[in-house]
Structures are given as structure tokens and as C-alpha cells.
Amino acid sequence: MILAYRRAAPWLAVVPVIGMMLFVVAPALNIFKMSLRFESLKILTTQTTRNVVWFTSWQAILSTILVLFVALPIAAITSNFKFVGRRALISLVSVPFILPAVVVGAAFLEILPGSLHRSSLAIIAAHVYFNVGLAVRIISTRWEQIHPYLDDAANTLGASTIRTFLTVTLPLLRTAIISASLLVFIMCFTSYGVVRILGGPARSTIETEIYFRAMQLGDVSGALIMSVLQILVIGALILLVTSTRRSKNRHSKNSQKFGQSVYSRLRNPRSIAQKIFVITIASVSAVAVVAPLVSVATRSILLREKLDTTAWRSVLSDSTIFSSLMTSLRYALITVIISTTIGLLGACAVVYGGSRYKFVSVLTALPVVISAVTLGLGIIITFDVSPIDWRGAWLMMPLAHCLVAIPIVMRVISPVLRDLPSGLRDASRTLGASAWQMWRTIDLRIIRRALVTSAALASAVSLGEFGASSFLVRHNNETLPLTIARLLSRPGDLIQAQAYAIATVLIVACAGIIAVVDRLGTREPGF
Amino acid sequence: MNRKSIRTISLLLVMVTVTVAGCANNTTTSTVPSAQSSDANSATSSTPNEEVTLTLLAYDSFTPSKNIFDAFTRDTGIKVEVALGGDAGELVTKATLTAGNPQGDVLWGVDNTLLSRALEAELFVPYATSNLADLDKTALALVANNEATPVDTGDVCINYDVKWFADRKIPPPLTLRALTSSTYANLLVVPSPIASSPGLAFMLATIAEFGQDGWEEYWKQLRQNGVLIVDGWTEAYYTEFSGSSGKGERPIVVSYGSSPPAEMIYASPVPKTVPTAVAALTCYRQVEFAGILRGTKYLREAQLLIDYLTDVAFQEDLPLTLFVYPVNTKARLPVEFVKYSLRPESPLQLDPQLIASQRIVWLDMFTNIVLR
């Protein structure tokens, strides 16, 4: 790396490091410290804890298995066949992943019959819906890289399609499937919004139990211990993911050069069976993605089975709903500005600074390990002593949104910055450009798309954030997901319709965001 | 939570100055000078001609008459903004988490089941209201040092749909024990004691009735008998209960002794007979309190508001808007309210100290027995 860049690294790292230390590490350490002080460690052995951990685990395992079952056929068609709307299908199945969990919860309340509300089945169904896109993206990325000649060779030797899949494709997909499963498992294990909406008083994951203990029971010590448990479990899982990822990446780098640029796996479906397979899978999955969303929109314009726009009109005229819309927009803007700035600084520090700055990338990934709910709890119990009594400060909520968004921003920007051909910089230096000129004209220009992508994703995070927000919300700064959750818990057709109208607004916003991200064609978010 | 090592603070302080400098428009980080004086009457605060707006934090179902605070504003020049913050339990928790740096000035709606939590967290500045002499003595006895001020009382009781039972010629359930009978299988809906205060009161009623040894068994039987637990009272009463306007499917619900008048007074057209009735032997007495939040900038004004909340005019508004009984003994009750509501002679009760020490344990047991 260029000397001037390397010299800048410590300065670039200052703000991200201090921010993370202050708002993530300090609250997390505080949670550990305080939970050790309580004798209530015995809560770990109680019936309640066993129930919660058991439910959290089995629903996550079952959801993950189902996600794989649904995702594999979709990945099969998107990575093997050319067909109209292939890219659109990939975008479409990714939409649920970026939707606010509260909206997905609301959608499933609407499409599932009343008897299934507040059941494990509803939660698992919503988890599958939520995570299929993530699994499809990870698996198909790898699948597309598998050299088509391997299949041809197997066919020539007389293997059937199924046999080829089982003996050739599946083993090659193994690492991708494992890392997809681990990610999906983490998402389901730490699920919060979906469980809050669909679980009712009976079903609780560790995340909702943290909220329930701290905010409803008033048992902060119990909540802290649950948080510690959660941090340890996710921490271990993330370590697993990164280790499988690392081996996968090494693997894929070789085959990428070998396979992708020259040979494409994508072929037109030839036999009738193939055509039927592609058409069925594509249409079923498209309908399955769209149906719940359409039902949300329909619900918002129906009152007593009749077309009625009262809910929409009241959403626009109701001062509290309007103010939560403005709050959401304001926080999204703050989140975009702060998280892309900090993420950009962090990514530059990591890439320019070399291996000594690896800790910056670990530090900025911490909010993933320490879930949003724990982050909210940690902030509340940490900044409660004057002169930094910030529990009531409105800024804490957008700051929490930033913390959740920063890991994603880092992961969008860093790879682009890292892969920037060094020849460009050398050329500009030879031509006499200053370091600043060089950065502006080369680095910035090349990461501009990644910046837009990360800004779009950061705004999606902020618009949908529910976990940390449910701790940090004050009476005058409710955001849209909180309003939806509040309205959904109240009886009355009109009130429910209002919740669905707001959910529709968020769906449209998220669909727009996905469109922006996919049109720019940068790498998908993830870990 | 209160003791932090000085080193951490100073370290954080350094970081804070650096970070805050970087944060744009950080304007409303309110550092409230905490009210030092606990002696209420000697307190001084802002200058009188400055326009003051008090924030009254209350639970979601706080719905007094629309212009009820106009008289207060006219007399004192102080405006009142009501901020609703979820169910009573959530309200107290949020206030606890921000104790000393409150989101409002006065809090309405801590009941006797939650009071111990509020007092433990030192949420309130004690204040002896000017109406003290007129307030219900048994309610006052719960707050010996005026830590909070009682504002209303009510009874949480089993309500049932009169017509439903009459149509089927089934006798309605009159005791808690009766609810475990197979006659009433799958008919009862209860708000969760975890989030809702009537739910908690009902759970305490069962503990008062069957004792600490017997209540778990009772709930096991209720569960076998198909009790439905929902998140809050509104959902239980207005969505699941068949006797209310929501026309749900279950004819037995946990609600208030004063719910029947609501069905009469606000129904249109007014029904000929009361559609719902109360099982008197199942009632648990609930006393609600208001308190001045420690850390308020407007201590004197908040005290005036407490006086207003316990004054006859406001108290007489309560029966028909919140469906509770006034705590001010001089307040007169509306005729139709007295006619249709039920005031049990000897409601079930539990020692507040016992509630304070056992609440979380009981709720955990409840969750395990009934919900999972």
C-alpha cells in the first residue's frame, strides 16, 4: 500500500475505534460485569431458562432445515438455467431478507388462519420466508462457479441428473451450504421482531426473553444473564461461520478464475422436464414471496370486507403516526450519514493499514455478535450516571441503528477497496498526483457504487430496526416498526388496518432499496 | 446500576468529548438538574411567568374527558401534555430505567401490585397533597410516607356474558374454583399477568384464594380446562370476550368490577338489561397511584398537578371515563355507575411486602405452568 495511505490509517481508525469502544464494548463489558455481580446466576439453571433455550434452539434448527429445502431448488434454477426474469427472481427472493421483521410478522398474521397465530408454526414459517433469499444468494454464488464440464462428464459416464447432483454438485456445494445454514441459524436463533409479533405471551426466544425480563418483568439482572448467554452462543457460532467462510473463500478464488469468466453454467432449459421444473419453481417462489406482501397491502385498504381508504387517510392525518413517519425518516438519514462515514473510515483503515489494523474490522463486526436487543439494554444500563446520563437522549436510538448498520457497510465497502487494482494508484503517482488527489480520483470513484449500496442498506436497517429501538424508545420518538407493533397489539379493525398501511409503506421502501442495491450489482450483504 | 467505578466514567468522559464533538446537531441531550430537596413544600423551581408544560406519563388506557386539564391550565397557567407509554407494567419499567432523569414530570397509573417496584427504584419525590384529609384511608395506608398519591381504586373480577349463559341455561361461574369445572372448559380468557396489571391482579387473587401451596395446582387445572392467555386487557376484553362490542368467542373474562356500566353507558342503542355481570367472590382490590418523578424540573408545578388529580372535579370524571372508583371520599358517584357496577365487601388481597419479594418468582412459575 502507498505510504501516505498507510500513514493515514491510524487517523482513519480513530473515530470508528472510539465509537465502537464507547457504544459497543463499554456496554457489553458493563453487561458482563453487572451480571457477574448478581447471585441470580442460578437463573441459568431454572425451568424458564431451559424452556427458552430449548425453544430458541429447536425452532432455529427446524427453520434452518426448511430454509435449505426451499432454497436449494431455487438456487438450482437460478444457477443452471437461463430464463426470462432470472435476475428479477434473485432480487425478489431477497426482498424478505431486507424487510423489517415486524412487517414480516404482520404479513404472517394476515395470511395465516387465526388458529395458527401465536404458534411455533407461524414463527417457523415466517423465519423460512425471511431467510430463503439469504440462503439462495450464498448457495447460488457457489453453484454458478462449479464448472459445467463436471456435470457433462458425469452425464457422459451415464449418471442420471439426480445422481450427478448427489455425487458431484452436492459435495462441491457443501461449504456454501454449511455457511448458509450457519447464517440462517444465527438469524433464526436471534430472531426478535417476528417472535414478538407472532409468538404471543407463550413463545419466547432468548432475545424476546431479554426484552420481556428487562422491560415487562422489571428483572434487569435476569435480562443481563440472558444477554451474556446470547453473546456467548452467537460468538461461538460466528467463529464457526468465519472459519468455514475462510476455507470456502480460498476454494472459490481458484474456481472463479477458472470457471466464471470463460464458461457459464447457464443454459436454456431443453427437455420438457427441465422447462416444467424451471417454470414451477420460479412461479411458485415468486408467488410465495409476493403473496404475503400483497395481503398486507390489501388488508390496509379493506374494512369489513369493503374497500375503504379510511386507514390510509388516518395514517396521513393522525399526528402520532405522521410524527413516527418523520422520526423514522430523520433517523434513517442520520443512520445513513453516520454509518457510511464510520464504515468508510473503518474500511479505509483496515485496507490501507494492513494486517495490524485487522482489529478494526473485528471491532466493527461486534454489533453482530452482541445482538441489537442486548445493545439496547447495554446502552440503557451504561449511560445512566451523570454527567453522561443519556438514557433519555433521542440521539441514542439513531446511534443504535448506526451500530447495527456499520458491520454491513464495512462488508460492502472493504472488498471493493481491497480489490482495487494497485496499478491505477501507481500510474497516478507517477503522473504526480498528491495522496489526496489520488484518493479522490481513484479510490473514491471506484467505491462510489459501494457507498450508494451501503447507504441504501443502512437506511433499510434503520427503517426496520426494532430490537434496540424497543429499549430506547421514548414517548415522543416512536419509529414506524414500533408503531406497527403497538397498533397490532390493539383490537379494532381500523387500528389494525392502520398498522398494515404503515407496513405497506415500509414494504415499498424496502423494495426500492433492493432495486437500488441490485441494479448497482455490488456484492450482496452478509458476513 | 447506580455505582460505577470512577475510572470508567473518566475514561468514558474523554471518549464522550471526542465523539460528541463529531456528532452533528446534538441539541436535546437534556441534563436535568435533579431536584435536591425532598421536602416538598420548601421546593422552589422555575420562575412563575415562564410558560410551563408538564408531561404526564400514563398507561395506554388513560382516557379521561378530553378537556379535563383545561381547568387546571386556566387556574395555574400550566399546560399538561399526556404521554401514553404502554401497559402499566411497561410504564413502570421504563420509568425505572430512567429513574432520576425522567421522561416526564408526573406518572399516573402505578397500582398496588407494581408499587413496590416503583418505590424500590426511588422513582418518586414524596409529596403530601393538599387533599390528603379527604382521601380513602385504606389506600393511603399503602404509602405511609406519601411516596406516591393514591388516585383511584377498582376491583379486578371475573366478568361473564349474561346472555350466553342464559341462552344455554348454564349457571354462570361465581367462584374461582368453579372455573376449573368442565362446564366452563374453553370459556375463559385472561390477560397475561406479565404485561398487564389486571392480569397480575387476577393471578394474585388466585394466590390469595388458594394460598402459596395451592395456586400452582389451580392454574394447572385452568390450563387443562383450556384457559386462553392473551397479551393485554384490551385484547382479552374487546377481542376475545363475547359480552363486549368486540363479539369474541369466550363468555368469561378477567376485567373490572366496573366493566358492566361501561357496556350500558357507552352502548348504542342502550341494551334493556346489562349484558355482562361480575362474579363478586373473585375480586381483587386494585389501588392506583400517581407520583412526582424524581428529577423533574418543575417540582412545584408537578405538586399542583397532583393536587388537581386528587381534587373533586377530576375525581368525579374518573368513574365514567376510566371506570374506576374515586379515591377522594368527597367525590360523588354517577347514579348509573353505582347502579351497574359491583363493589365487593371484602375483596381478595395480599400483603404488599409479600408481593414485592415474590412477584418475579411467581411470574416465572406462572409462565412455566401456563404458557409453556
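Keep in mind it's a predicted model, so treat the numbers as computed, not measured.

A. Spotlight on the overall build of chain B. Secondary structure summary: chain B contains 13 helices and 10 strands in total. Of all 372 residues assigned to chain B, the portion counted as buried reaches 48%. For chain B, long-range pairs separated by at least 24 residues make up 76% of all intrachain contacts whose partners lie at least 6 apart in sequence.

B. Just the domain arrangement of chain A, in detail. Residues and elements named next belong to chain A. According to the domain assignment, chain A consists of domain 1 (1-37 + 308-527) and domain 2 (55-282). Placing a centre on the C-alpha atoms of domain 1 and another on those of domain 2 gives a separation of 23 Å. Counting residues at the interface gives 37 residues for domain 1 and 36 residues for domain 2. Of all the secondary-structure elements, those providing two or more residues to the side of domain 1 that touches domain 2 are helix H1 (3-37), helix H14 (358-369), helix H15 (372-382), helix H18 (435-464), helix H19 (467-472), helix H20 (480-488) and helix H21 (493-520). With 10 residues, the top contributor of residues to the side of domain 1 that touches domain 2 is H21. A per-class count over the side of domain 1 that touches domain 2 returns 28 nonpolar, seven polar and two charged.

C. Spotlight on unusual backbone geometry. Residues and elements named next belong to chain B. One non-glycine residue, Asn 146, adopts positive backbone phi at about 55 degrees. With respect to the helices and strands, the residue Asn 146 is situated in the loop between helix H5 (137-140) and strand E5 (149-161). A positive phi angle, close to 55 degrees, is found at Lys 169, a residue other than glycine. As for its position among the elements, Lys 169 is in the loop between helix H6 (162-168) and strand E6 (188-191).

D. Quick look at the nonpolar core. Ranked by size, the top nonpolar core spans 218 residues in total, and within it Ala 106 and Ile 484 of chain A carry the most contacts. Look past the residues within four positions of Ile 484 of chain A in its chain and what remains in contact with it is Val 102, Val 103, Ala 106, Ala 499, Ile 502 and Ala 503 of chain A. If you look at the next biggest cluster of nonpolar residues, it comprises 46 residues, including Leu 91, Ala 118, Ala 290 and Leu 299 of chain B.

E. View of the pairing of strand E1 (residues 53-58) of chain B. All names here are of chain B. The element E1 is extensively covered by neighbouring structure, given that five of its six residues are classed as buried. The pairing of E1 with strand E2 (residues 79-84) spans six bridges and is classified as parallel. Paired with Leu 54 across the bridge in E2 is Val 80. Between E1 and its parallel partner E2, the chain crosses via helix H2 (residues 70-76), and the hand of that crossover is right-handed. As paired elements, E1 and strand E3 (residues 106-111) share three bridges and run parallel to each other. Considered in E3, the bridge of Leu 56 is made with Val 106.

F. Fine view of the environment of Ser 422 of chain A. All names here are of chain A. Topologically, Ser 422 is positioned in helix H17 (residues 422-430). Overall, Ser 422 belongs to the exposed group, with 9 C-beta atoms counted inside 10 Å. Along the primary structure Ser 422 and Ile 2 are separated by 420 residues, whereas in three dimensions their C-alpha atoms are 9.2 Å apart.

G. Region of interest: helix H11 (residues 312-321) of chain B. Residues and elements named next belong to chain B. Buried residues of H11: Phe 314, Gln 315, Leu 318 and Pro 319, and no others. Looking straight down H11, one finds that the buried residues subtend no more than 150 degrees of arc, so they occupy a single side. Buried-residue contacts for H11 involve E5, helix H10 (299-309), strand E10 (325-326) and helix H12 (335-340).

H. Seen up close, the pairing of E5 of chain B. Residue and element names in this part refer to chain B. Across the 13 residues of E5, 13 count as buried, placing the element largely inside the fold. Bridge count for E5 against strand E9 (residues 276-293) is 11 bridges, and the pairing is antiparallel. Paired with Pro 150 across the bridge in E9 is Phe 289. For E5 and E10, the ladder comprises two bridges, and the chain directions are antiparallel. Considered in E10, the bridge of Asp 152 is made with Pro 326. In this structure, E5 lies alongside strand E8 (residues 252-256), joined through five bridges in antiparallel fashion. The residue bridging Tyr 160 from the neighbouring strand is Ile 252, located in E8.

Conventions we followed
- Residues numbered from 1 in each chain as written.
- Chains lettered and ligands numbered in written order.
- Predicted model: local features only at pLDDT ≥ 70, side-chain atom pairs only at ≥ 80, totals over all residues.
- Helix = DSSP H or I, 4+ residues; strand = E, 2+ residues; numbered from the N terminus.
- Buried ≥ 20, exposed ≤ 12 C-beta atoms within 10 Å, placed from the backbone.
- Contact = placed C-beta atoms within 7 Å.
- Domains from an automatic or database assignment.
- Nonpolar A, V, L, I, M, F, W, Y, C, P; charged D, E, K, R; others polar.
- Core = buried A, V, L, I, M, F, W, Y, C linked by C-beta atoms within 7 Å.
- Pairing = 2+ DSSP bridges.
- Right-handed = clockwise from strand over helix to strand, strands pointing away.
- Arc of directions from axis to C-beta.

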